[in-house]
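# Chain and residue survey
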Amino acid sequence: MRSILLPARRRSLRLPLWAFLFLGILTPSILGSSCLQAQVSAGARSAIWAAPAVGLAAGGLLAGVDVSLYDAPRLYQLRFTAQSTGGSGDLTEIAVMYGSGGVTDFFNGARQWDGGHWWSAAAGPALVNATHVSPMRDATTLGIAGELKMISRRPPHVSLTLLGNLNSETPFLGLSLGWAFGRMPWSQPSAPPRRRPGPFY
């Protein structure tokens, strides 16, 4: 009998729809985030802080911490994320990111002399390790990490982050809530408050 050998299927990378949407939002955010400086940036020219956070991802719960170094207008970040995907396995990520940000208030505009909240966007390479339960195996791959972040000016400085990672093994998108502490970007106001003109001053 003649046997017909079928060609083996090659594994193709299929990214979910949210991955393309996230990349489409992140890219113009990084390119245009320098405009935050033009609105009202009365914060420090340099700052460094850390932000532990917990949250939810597409596959389950996540926890992590990121360390940020701000040298206006450049932003450098180191991020570690651990994610539990329930019964399917676990995931860890170490990312080095570069971006830009600024202290501004989109709601009150320039009327608030000392600035508003911190807004930033960053992206960069990441090392991802995924542990799969069925079948049991470990896989390590490279990915592209990104995030959009807001930190409240009032203490405690609450951070809200939309984060994601595009990789060939386990791409994910998540939302985290954290607490930022350290030398924050608004530690050094650069201008005194403006007084309204009046008959007595």
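Structure: see above.
Residues numbered from 1 in each chain as written. Predicted model: local features only at pLDDT ≥ 70, side-chain atom pairs only at ≥ 80, totals over all residues. Heavy atoms only, no water.

## Here's the deal with the overall build of the protein chain
Looking only at helices and strands, the protein chain features 2 helices and 8 strands. Reading the protein chain from its N terminus to its C terminus gives the helix and strand order α-α-β-β-β-β-β-β-β-β. By the burial criterion, 40% of the 201 residues in the protein chain qualify as buried. Long-range contacts, defined here as pairs at least 24 residues apart, represent 57% of the contacts in the protein chain between residues at least 6 apart. Total accessible area on the protein chain stands at roughly 12,100 Å², and carbon and sulfur atoms take up 65% of it. (Helix = DSSP H or I, 4+ residues; strand = E, 2+ residues; numbered from the N terminus. Buried < 20%, exposed > 50% of the residue type's maximum accessible area, 1.4 Å probe, protein only. Contact = heavy atoms within 4.5 Å. Areas by Shrake-Rupley, 256 points an atom, 1.4 Å probe, with all protein chains shown as cover.)

## Quick look at the sheet that holds strand β7 (residues 157-167)
With antiparallel pairing, the 8 strands of this closed barrel are ordered in space as β1-β2-β3-β4-β5-β6-β7-β8. In this sheet, adjacent strand axes meet at a mean angle of 25° when their direction is disregarded. Sheet topology note: the strand β1 (residues 46-57)/strand β8 (residues 172-183) ladder contains 8 bridges and is antiparallel. Residue pairing across strands places Leu-56 opposite Leu-175, the latter belonging to β8. (Pairing = 2+ DSSP bridges. Axes fitted to C-alpha atoms, helices over the stretch in contact; angles between N-to-C directions.)

## Quick look at the side chain of Glu-93
Looking at the secondary structure, you find Glu-93 in strand β4 (residues 89-104). Under the relative-accessibility criterion, Glu-93 is labelled buried at 0%. A distance of 2.7 Å separates a polar atom in the side chain of Glu-93 from a polar atom in the side chain of Arg-79. Those residues in contact with Glu-93 that lie beyond four places of it in its chain are Arg-79, Phe-80, Thr-81, Ala-126, Leu-127, Val-128, Ala-145, Gly-164, Asn-165 and Phe-172. (Polar contact = N/O pair within 3.5 Å; in protein donor to acceptor, adjacent residues only side chain to side chain.)

## Considering empty space enclosed by the protein
Following the criterion strictly, the structure yields 1 cavity of 30 Å³ or more and no others. Reported here for the largest cavity is a volume of approximately 110 Å³. Together, 15 residues line the largest cavity, and Ala-53, Asp-66, Arg-79, Leu-163 and Ser-176 are the ones closest to its centre. Secondary structure elements with two or more residues in the lining of the largest cavity: β1, β2 (61-71), β3 (74-84), β6 (137-151) and β7. The leading source of residues in the lining of the largest cavity is β2, at 5 residues. Looking at the lining of the largest cavity residue by residue, the classes come out as 7 nonpolar, 4 polar and 4 charged. (1 Å grid on protein atoms, 1.4 Å probe; cavity = no way out; pocket = protein on both sides within 12 Å on 5 of 7 lines; lining within 4 Å. Points joined across faces, edges and corners; volume = space filled by probe spheres on them. Nonpolar A, V, L, I, M, F, W, Y, C, P; charged D, E, K, R; others polar.)

## Observations regarding the pairing of β2
In this sheet, β2 lies alongside β1 in antiparallel orientation, the contact comprising 11 bridges. From the neighbouring strand, Ala-53 faces β2, where its bridge partner is Gly-64. In sequence, β1 turns back onto β2 through a hairpin of 3 residues. Hairpin connection between β2 and β3: a loop of 2 residues separates the two successive antiparallel strands.

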